[in-house]
Amino acid sequence: MYLLIPAAGTGKRMGSNRNKLLLEVRSQTIIAWTLKAAAAASSIEWIGIISQPTDWPDFKAILADLRLTKPVELIIGGSTRQESVYNGLQALPAAAEQVLIHDGARCLVTPDLLDSCAQAIRQCPGLIAAVPVKDTIKVVDENGIIQSTPDRQRLWAAQTPQGFNVKLLKQCHAEGLRQSWEVTDDAALFEMCGIQVRIVPGEETNLKVTTPQDLAIAEFILSTRNL
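The following paragraphs examine the structure supplied in this document. (Residues numbered from 1 in each chain as written. Predicted model: local features only at pLDDT ≥ 70, side-chain atom pairs only at ≥ 80, totals over all residues. Heavy atoms only, no water.)

**Considerations on the overall build of the protein**
- In terms of helices and strands, the protein carries seven helices and 11 strands.
- For the C-alpha atoms alone, the extent of the protein along its principal axes is close to 50 × 40 × 30 Å.
- A total of 227 residues make up the protein; the buried ones form 48% of that total.
- Of all intrachain contacts in the protein linking residues separated by at least 6 positions in sequence, the fraction that spans at least 24 positions is 73%.
- Of the accessible surface of the protein, which amounts to about 11,700 Å², a share of 49% is contributed by carbon and sulfur atoms.
- Charge centroids of the protein, computed over 22 positive and 24 negative side chains, lie 3 Å from each other. (Helix = DSSP H or I, 4+ residues; strand = E, 2+ residues; numbered from the N terminus. Buried < 20%, exposed > 50% of the residue type's maximum accessible area, 1.4 Å probe, protein only. Contact = heavy atoms within 4.5 Å. Areas by Shrake-Rupley, 256 points an atom, 1.4 Å probe, with all protein chains shown as cover. Lys, Arg positive; Asp, Glu negative; His and termini not counted. Charge placed at Lys NZ, Arg CZ, Asp CG, Glu CD.)

Quick look at the structure:
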């Protein structure tokens, strides 16, 4: 299975002036923890890191330290996640029929989740890891007035990995460019093109490290694992 890791994000919400994936958790960078999970997933055979070239010296140093046995390619990122994934798709080896896309900031993903998504994507055109929403969600207007309360049993919080048929995802990205669609994940492109996307049970600990509070939570979760 081929894995693309969008890793071009900034650290604004983290209060950092550099790529947040270069911040450390338990003496390892965030991206290093993500890569270690990918390396430990038996299904993953190739990894593409989509990032800005200014970060490549740091990423190359991290890769040299990790000494991964799987091939890793650095791919130039775009100005948005959507553009970055588009670039990543063009850089996939010709043999890639399915691809997993996993946010570099979700450094707590387990190899088991990556493997389960890799197995499931062989049976469907698209999927996302997700967990049921626990909180009651309110839909509000521009004035902060509640308009409705969706049925919580039908709400899921999207995570990554997300998996797709490569040919279909390339077609959806091309359509997104033609229509000037702006989306925050690739599943939304599938939805807008009328292609079904399946849910694979995610992990409650698979949070996206975005704020200093998330960094502290990640530190605690990693401390409970036998790594």
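**Remarks on helix H3 (residues 81-91)**
- Looking at H3, one finds that the buried residues are Gln82, Ser84, Val85, Gly88 and Leu89. Down the axis of H3, the smallest arc covering the buried residues is 160°, so these residues share one side.
- At its buried positions, H3 is contacted by strand E1 (2-6), strand E4 (46-51), strand E5 (72-76), strand E6 (98-101), helix H5 (166-179) and helix H6 (186-192). (Arc of directions from axis to C-beta.)

**A few points about the pairing of E4**
- When you tally the buried positions in E4, you get six out of six residues, the bulk of the element.
- With burial as the criterion, each face of E4 is covered, one bearing Trp46, Gly48 and Ile50 and the other bearing Ile47, Ile49 and Ser51.
- Examined bridge by bridge, E1 and E4 share five bridges and lie parallel to one another. By the bridge assignment, Ile5 is partnered in E4 with Ile49.
- Bridge analysis of E4 against E5 gives five bridges, and the strand direction is parallel. (Pairing = 2+ DSSP bridges.)

**Examining the side chain of Ser43**
- As for its position among the elements, Ser43 is in the loop between helix H1 (30-40) and E4.
- Beyond its immediate sequence surroundings of up to four residues, Ser43 is in contact with Met1, Leu114, Asp115 and Ala118.

**Here we look at the packing of H3 against H5**
- In contact at an axis separation of 11 Å, H3 and H5 are set at 135° when each is read in the N-to-C sense. As far as their axial angle goes, H5 and H3 are oblique. In the crossing of H3 with H5, the sense of the turn from one axis to the other is left-handed. For the pair H3 and H5, contact is made by Gln82, Val85, Tyr86 and Leu89 and by Leu169, Lys170, His173 and Leu177, respectively.
- Broken down by class, the residue content of the contact of H3 with H5 amounts to five nonpolar, two polar and one charged. (Axes fitted to C-alpha atoms, helices over the stretch in contact; angles between N-to-C directions. Parallel < 35°, antiparallel > 145°, perpendicular 65-115°, else oblique. Left-handed = near helix turned anticlockwise from the far one by under 90°. Nonpolar A, V, L, I, M, F, W, Y, C, P; charged D, E, K, R; others polar.)

**Details of the packing of aromatic side chains**
- One pass over the structure, following the stated rule, counts two aromatic pairs.
- Here Tyr2 and Trp46 contribute two aromatic rings whose centre-to-centre distance is 6.0 Å and whose plane-to-plane angle is 55°, an arrangement assigned as tilted. Here Tyr2 is found in strand E1, whereas its partner Trp46 is found in strand E4, with 44 residues between them in sequence. Here the two residues Tyr2 and Trp46 agree in accessibility, since each one is buried.
- Sitting above the plane of the Trp33 ring, Lys36 keeps its charged end 4.4 Å from the centroid. (Phe/Tyr/Trp six-rings, centres within 6.5 Å; stacked < 30°, edge-to-face > 60°. Lys NZ or Arg CZ within 6 Å of the ring centre and 35° of its normal.)

**Some words on the nonpolar core**
- The biggest cluster of nonpolar side chains holds 46 residues, and the ones touching the most others in it are Phe59 and Leu100.
- Listing elements by their share of this core, those giving two or more residues are E1, H1, E4, helix H2 (56-66), helix H4 (111-120), strand E7 (126-132) and helix H7 (212-223).
- Within the second largest apolar cluster, 23 residues are counted, among which are Ile50, Ile75, Leu92 and Leu189. (Core = buried A, V, L, I, M, F, W, Y, C linked by side-chain atoms within 4.5 Å.)

**Here we look at the environment of Ala7**
- Within the secondary structure, Ala7 sits in the loop between E1 and strand E2 (24-25).
- Here the alpha-carbon distance between Ala7 and Asp65, two residues 58 residues apart in the chain, equals 18 Å.
- Not counting residues within four places of it along the chain, the set of residues in contact with Ala7 comprises Asn19, Leu21, Ile31, Ile49, Ile50, Ser51 and Phe59.

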